[in-house]
Amino acid sequence: MPKPKTFYICNECGAESPQWFGKCPNCGTYNSLEEQFAIQSSVDVPTRGGVSSWHKEQNNGKPNAKPAKPRASLTFDQISDRQVTRWESGYGELDRVLGGGIVPGSMVLIGGDPGIGKSTLLLQVSNQLAQRYRILYVSGEESGQQVKLRALRLGVSKPMNVVGDANDKQTESQENTEASETSATTEALEAEAPEGMSADLYVLPETDLEEILREIDSLRPNVAVIDSIQTVFFPALTSAPGSVAQVRECTAALMKVAKHEDITMLIVGHVTKEGAIAGPKVLEHLVDTVLYFEGDRFASHRLLRTVKNRFGATHEIGIFEMVEHGLREVSNPSELFLGNRDDPAPGTAIVVACEGTRPIVVELQALVSPTSYPSPRRAGTGVDYNRLVQILAVLEKRVGIPMSKLDSYVASAGGLSVVEPAVDLGVAIAIVASFRDRIVDPGTVLIGEVGLGGQVRAVSQMELRLKEAAKLGFKRAIVPKGTKFPDLNLEILPVSKVIDAIIAAIPHQTLEDSDFDPDDDE
């Protein structure tokens, strides 16, 4: 029997190597290569001889030995035109980032930092979906009792069925009491459910992939939640749970079940210290949708961002707020990231950023002060640092402000990350307003990209941005020249240079005689 072929995979980046190294040749991580055995395929595949020689061998050396015909492939005309009906998750923000709802049989991966609210979001979504569908919540990090305690804290009113937990027998009486109190609501919801579907939420505390697949085959749920994929392991593999081989094989097995049985899979993925989803990159390639749950640990709002979506647009965002009883949707995010417009301060400017197809009005704050060091400090929170340095250079070269002698700090209200070029003009105006200690008109929004020559360039989705500004009551908009503007109740001020935008945004200050008098010492 020939010796099985071995190779080594990095458990950080997923790179393959024919031999072991102490340091990964691809990502540079030490002691990250793990030995794997190659699986011999039983299917005859083309060899180094080329595809033509393989065809020749298949035909026994005789050209056109048998006519070509499809074995299992279909043409587009042979594929049924069954219209896929999306399911509403019960949260409009989640439906938005998914492209209009949950697609049956799809596989969704949700990643995020520890404690950001991934499990909380999926448990609340599972409770909403359980009103109409059969849900299986697989917990690999918590016991059934712990999941139930968290559900009670979140206000999940529907009784939960813990599968395979004998320690929960003493709570059956309490569950029966709760079930009797909500029996009328449950019967009404089940009456609305489609035929053959039961409105129930089942919890399975398990990490063995084979046991999970047996439960899925027995329960036949419409939606299965895996929390998390890094804790699930396949007993046939010798590597530890969370390794590259385990994550790849477990995800592939779950994907096969999802596609064949038309079961929607919602999978939680851990992230590395760099913010990327842990495990091989093939994990993101296998799934249909990749979502990132982001947020500042010191802020209450959370952003659900789409990175990949086979059934909708990417770079969409949904905004939630963490409250006492879990996550709550934010219907008007612009109000969350706007400061107090009744009491404006010097060095602030309002911009309209676009995340996917959603416009968000954000307040930018800047602070400029003389530096005490040979090299001035530059710091940005929620803005791209490289673009900030570029804008500072443009202001010094094209406008004449000595930014090389000034410390500059720029931040977005609420900590929202706005890195698109359309906010360049707002950053520049906020810096100039702070330098001159002036107040920008709080009823003005600024939209435009700043070029290296001091030009104000056009940006995309201008009509969408202006409609959002008009809806929130803004009166003026400073935008790039040469852009088509919709007919809105909004004064449009087109500019072509940064200096023109500064003159339009920062009103001229009229000095009085009292301004030249020295301050009286008391």
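Whatever comes next refers back to the structure up there.
Visitor: An account of the packing of aromatic side chains is needed here, citing residue identities and associated values.
Guide: One pass over the structure, following the stated rule, counts three aromatic pairs. With centroids separated by 6.2 Å and ring planes inclined at 75°, the aromatic side chains of F293 and F320 adopt a geometry described as edge-to-face. Residue F293 is located in strand β10 (residues 289-294), and its partner F320 is located in strand β12 (residues 317-323); the two are separated by 27 residues in the primary sequence. By relative accessible area, which is 2% here, F293 ends up buried. A connected cluster of aromatic rings, assembled from ring pairs, spans Y91, F293 and F320.

Visitor: So what about helix α8 (residues 244-261)? Which residues, and what values?
Guide: In an α-helix, one turn spans 3.6 residues; hence positions three or four apart end up facing the same way. Taking 1.5 Å of rise per residue, the 18 residues of α8 would be expected to cover 26 Å, and the 26 Å separating its terminal C-alpha atoms lies within 8% of that figure. Buried residues of α8: V244, A245, Q246, V247, C250, T251, L254, V257 and A258, and no others. Just downstream of α8 lies D262, where phi reads positive at about 60°.

Visitor: Which residues make up the nonpolar core, and what values go with them?
Guide: Core analysis: the largest hydrophobic core is formed by 46 residues, its most contacted members being L395, M403, V418, I429, I431 and I478. Elements with a contribution of two residues or more to this core: β12, β14 (348-355), β15 (358-370), α11 (385-399), β17 (406-412), α12 (424-436), β22 (491-495) and α14 (498-505). Ranked by the residues each element gives to this core, the list is headed by α12, at eight residues. Not counting the four nearest positions on each side in its chain, M403 is found in contact with V368, P376, R378, L392, L395, E396, S408 and I431. L123, V125, V225 and L304 belong to the second-largest nonpolar core, a separate cluster that totals 34 residues.

Visitor: Kindly report on the packing of helix α7 (residues 209-219) against α8, identifying the contributing residues and their values.
Guide: Taken N-terminus to C-terminus, the directions of α7 and α8 make an angle of 10°; their axes are 11 Å apart at the nearest point. Overall, the two elements α7 and α8 adopt an arrangement that is roughly parallel. Seen from α7, the contacting residues are L209, L213 and I216; seen from α8, they are C250, A253, L254 and V257. Residues that form the contact of α7 with α8 fall into these classes: seven nonpolar, no polar and no charged.

Visitor: Describe the sheet that holds strand β3 (residues 33-37), and please don't skip the residues or the numbers.
Guide: Here three strands make up an open sheet; going across it, the order is β2-β1-β3 and the pairing antiparallel. The open sheet has two edge strands, β2 (16-17) and β3, and neither has a second partner. Summarising the sheet, strand β1 (residues 6-10) and β3 pair through five bridges and their orientation is antiparallel. Opposite Y8, over in β3, you have E35 as the bridge partner.

Calculation criteria
- Every residue gets a number counted from 1 within its own chain, in the order that chain's sequence is written.
- Since the coordinates come from a predicted model, pLDDT governs what is reported: local features require at least 70, and pairs of side-chain atoms require 80 or more to be given and counted, while whole-chain, interface and lining totals use all residues.
- As a convention, hydrogens and water are excluded, and side-chain values are obtained from all of the structure's heavy atoms.
- For this analysis, a ring pair means two rings from Phe, Tyr or Trp (six-membered ring only for Trp) whose centres lie within 6.5 Å, classed as stacked if their planes differ by under 30 degrees, edge-to-face if by over 60, and tilted for the remaining angles.
- Here a strand is any run of E in DSSP of at least two residues, a helix any run of H or I of at least four, and the numbering for each starts at the N terminus.
- Think of it in three bands: with a 1.4 Å probe and only protein chains considered, a residue is buried below 20% of the maximum accessible area for its type, exposed above 50%, and partly exposed in between.
- One fewer than the residue count of a helix, multiplied by 1.5 Å, yields its expected span.
- The term nonpolar core refers to a set of buried residues drawn from Ala, Val, Leu, Ile, Met, Phe, Trp, Tyr and Cys, joined through side-chain atoms within 4.5 Å.
- In what follows, a contact means two residues having at least one pair of non-hydrogen atoms within 4.5 Å.
- Axes here refer to lines fitted to C-alpha atoms; in helices the fit is confined to the stretch in contact. Angles between the N-to-C directions go from 0 to 180 degrees.
- The scheme is simple: roughly parallel for angles under 35 degrees, roughly antiparallel for over 145, roughly perpendicular for 65 to 115, oblique for anything else.
- For this classification, the nonpolar set comprises Ala, Val, Leu, Ile, Met, Phe, Trp, Tyr, Cys and Pro, the charged set comprises Asp, Glu, Lys and Arg, and every other residue, Gly included, is treated as polar.
- Strands were regarded as paired on the criterion that DSSP finds at least two bridges between them.

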